[in-house]
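Below are the chains, spelled out letter by letter.
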Amino acid sequence: MELLDAIRRRHTTNGAFLPDRVSAEHQRILMEVAGRAPSQLNSQPWRFVLIESRETIETIADISGSSMTTAMSNGTFFERYKPYFRFSKAEMARQRSGMLFDRLPAPLRPFTSQAFTSRGQKLMNSLHVPQTLGSENRRLVASSPLLIGVMLDRAEYRPGELSSFYSLFSMGAAMENLWLTTVELGMGIQFVSFPMEVPGQWDRIVALLDVPDGLELMAVYRLGYLPEERRRPAIDWTSSERKLPSQYVFRERASRPQEGWDDLVRPPEH
C-alpha cells in the first residue's frame, strides 16, 4: 500500500472489531513503526504496554462505560464538545470539521435543535440515553482483542519545560505511524477517551496497569481487525468532487513576513 493511500484511508473505528487475536507479528510491526518515529535528539520518550488479558480489558471497559454514562448524564461532555458536533450533512460540508451527529436515539430526533440545552439534557436523562450509550461503549471496549497504553518517560515529559512539548510532539508522531499502519494491516483503532472526562477514573486505569512512577500514562487505544466490507476503500483523489480543505491552507508572505499571513490559498476551480 502506498503511503498516500494509507493517509487518505485512515479513520477512527467507532464500531466493533472481529474477535480474532491480533497476531504477534502484527503487534511487533506496530511497535516497530511507532519506534521509528522522529523524536527530539532521538530521545524516544514513548513507552507502550500491550494489553490482551481479558480480565484487564473487561475492567478498563467497565471504567470507560461508566465514565461515558457519567459525562453524558451531568452534561459535561456536551458542554465541552458541542462546537464539534454537526447535525446534518450540509452543516458538515459547510464546516468541513467536527463529527456528523446524525444518529440520535429515535425519541430524541425531534429535539435535535435542543440537544445541548438543559431541556434536552433532562430529556436524555429521563430516557436513560447516557446509560444506553455507556453500555454500548463498554461493549465495544470489552470486545476489543487488544488495547495499547501509551506512556511518556517522566525524565523527558516535564510539564512546563520545553522537553514536555518535544515529548508530546514525538508521541504524536509515533502514534500516527502506528495508526497509519493499522490501515495496511486491515485493522481499526480508536482512542478510549472517556475515562479522562471524569475525575478519578483515569487514575483507576493507571493503578490497574501498575504504571511505574517514572512513566506517565497518556492514552489508551483499542485495536482489532475489521471485516473486509468495513475496511475503507481507496479514494479517487483525481475526482472533481474532491477538494482541499482550503480554509486551513495559508501561505506566508515571504517578502513581508511581518505582515502575517496571506489570503487563504484556494484550490483551482473545477
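About the thresholds
- Residues numbered from 1 in each chain as written.
- Predicted model: local features only at pLDDT ≥ 70, side-chain atom pairs only at ≥ 80, totals over all residues.
- Heavy atoms only, no water.
- Helix = DSSP H or I, 4+ residues; strand = E, 2+ residues; numbered from the N terminus.
- Buried < 20%, exposed > 50% of the residue type's maximum accessible area, 1.4 Å probe, protein only.
- Polar contact = N/O pair within 3.5 Å; in protein donor to acceptor, adjacent residues only side chain to side chain.
- Contact = heavy atoms within 4.5 Å.
- Pairing = 2+ DSSP bridges.
- Salt bridge = Lys/Arg side-chain N within 4 Å of Asp/Glu carboxyl O.

Caption draft 1: How the structure looks around the side chain of S170. Among the structural elements, S170 can be located in helix 8 (residues 162-184). A relative accessible area of 2% means that S170 is categorised as buried. At 2.8 Å, the side chain of S170 and the backbone oxygen of Y166 are in polar contact. Discounting chain neighbours no more than four positions away, the residues touching S170 are P38, S39, Q40, P45 and W46.

Caption draft 2: Here's a closer look at the pairing of strand 6 (residues 215-225). Of all the 11 residues making up strand 6, 10 are buried; the element is thus mostly covered by neighbouring parts of the structure. Bridge analysis of strand 4 (residues 146-153) against strand 6 gives eight bridges, and the strand direction is antiparallel. Along strand 6, the bridge assignment pairs L146 with L223.

Caption draft 3: Spatial organisation of the pattern of salt bridges. Applying the stated criterion across every chain yields a total of 13 salt bridges. Between R28 and E25 there is a salt bridge, with the nearest N and O atoms lying 2.9 Å from each other. Residue R28 and its partner E25 are both found in helix 2 (residues 24-35); the two are separated by three residues, about one turn of the helix. Owing to a relative accessible area of 43%, E25 belongs among the partly exposed residues under this scheme.

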